[in-house]
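Fold and contact review
Here's the letter readout for the chains.
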Amino acid sequence: MANLNSKARSSWVRKPTRVEVVVALLTKCIISALEVRSGSTDDKPFLLSHTVNLRRKATPPFSKYEMGNFVWRACALCKDKQAELPGLVSQLEEAITKLNGDFVSSLQGDSGLYKFPEALKYEKETCTGAADSIAFTSWCNFGFNDIDFGWGKAAWASFCGVAESTYFRNLIVLIDTRVGNGIEAWVYLGEEDMARLQLDKELVGFASIDPSPLKQG
């Protein structure tokens, strides 16, 4: 993580978070894998989206114990398919910054009901024309590895999807590793795309493919 974070920093991205740098790395490598299928002559941008918890974006922040899916998608169009990690981190940060206190306030009250369709329409227009999409959601810092139902902490906390479901296509779920400050990425791609991704030299330089959780610590 330290090496990856160092590579993602630049004069305009000084302190990227570990989630941001992992998202940037996976985005860069997945775009390369998907381009093989779509063809390098396709000039359409790729859509990068990241689920954002709006509780902390409100002014003042809502309680972290508020129930419900109080989230929104931060969307960015990756027009430069050769973008390096600092550029991708910058695009992600810019998209997340737009989901600020003013945005959350606009969704509240009686007028908020009308703001939802407007925001969704803007999101749809942003997505239009994209060659493909890559969706991220982070479960880091949720404390899953510390949960104890009475028989000790779990050896492994994981994410489960539905096989052959289009809903999970090009979806990446990030979870804390049980030991250390690493991130475990659950990546859902088409079979051929996944095969290409696993051979990406930059990815395997920073990540282990399918490590056994039983060998951690």
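The rules behind the values
Residues numbered from 1 in each chain as written. Predicted model: local features only at pLDDT ≥ 70, side-chain atom pairs only at ≥ 80, totals over all residues. Heavy atoms only, no water. Helix = DSSP H or I, 4+ residues; strand = E, 2+ residues; numbered from the N terminus. Polar contact = N/O pair within 3.5 Å; in protein donor to acceptor, adjacent residues only side chain to side chain. Phe/Tyr/Trp six-rings, centres within 6.5 Å; stacked < 30°, edge-to-face > 60°. Buried < 20%, exposed > 50% of the residue type's maximum accessible area, 1.4 Å probe, protein only.

In the nomenclature of an unreviewed UniProt entry, the protein is known as Vinorine synthase-like of Melia azedarach.

What to know about the side chain of Thr177
Here Thr177 lies in the loop between β4 (171-176) and β5 (183-188). Looking at Thr177, its side chain comes within polar contact range of the main-chain oxygen of Val179, at 2.9 Å.

Looking at unusual backbone geometry
Cis geometry marks the peptide bond from Thr59 to Pro60, where omega comes out at -5°. Looking at where Pro60 falls in the secondary structure, it is placed in the loop between β1 (46-53) and β2 (71-78). A positive phi angle, near 55°, is found at Asn170, a position not held by glycine. As for its placement among the helices and strands, Asn170 is situated in the loop between β3 (132-138) and β4.

Some details on the packing of aromatic side chains
Summed over the entire model, instances satisfying the criterion amount to six aromatic pairs. Measuring from ring centre to ring centre gives 5.4 Å for Trp72 and Phe103, while their planes differ by 70°; the resulting arrangement is edge-to-face. Taken together, the positions of Trp72 in strand β2 and Phe103 in helix α4 (residues 101-106) put the pair 31 residues apart, joining distant regions of the chain. For the pair Trp72 and Phe103, one class covers both residues: buried. Aromatic pair Trp156 and Trp186: ring centres 5.8 Å apart, planes at 25°, arrangement stacked. Note that Trp156 is positioned in the loop between β3 and β4 and Trp186 in strand β5, a separation of 30 residues in sequence. Taking relative accessible area as the criterion, Trp156 reaches 40% and is therefore assigned partly exposed. One aromatic cluster is present, built from ring pairs that chain together Trp139, Phe142 and Phe144.

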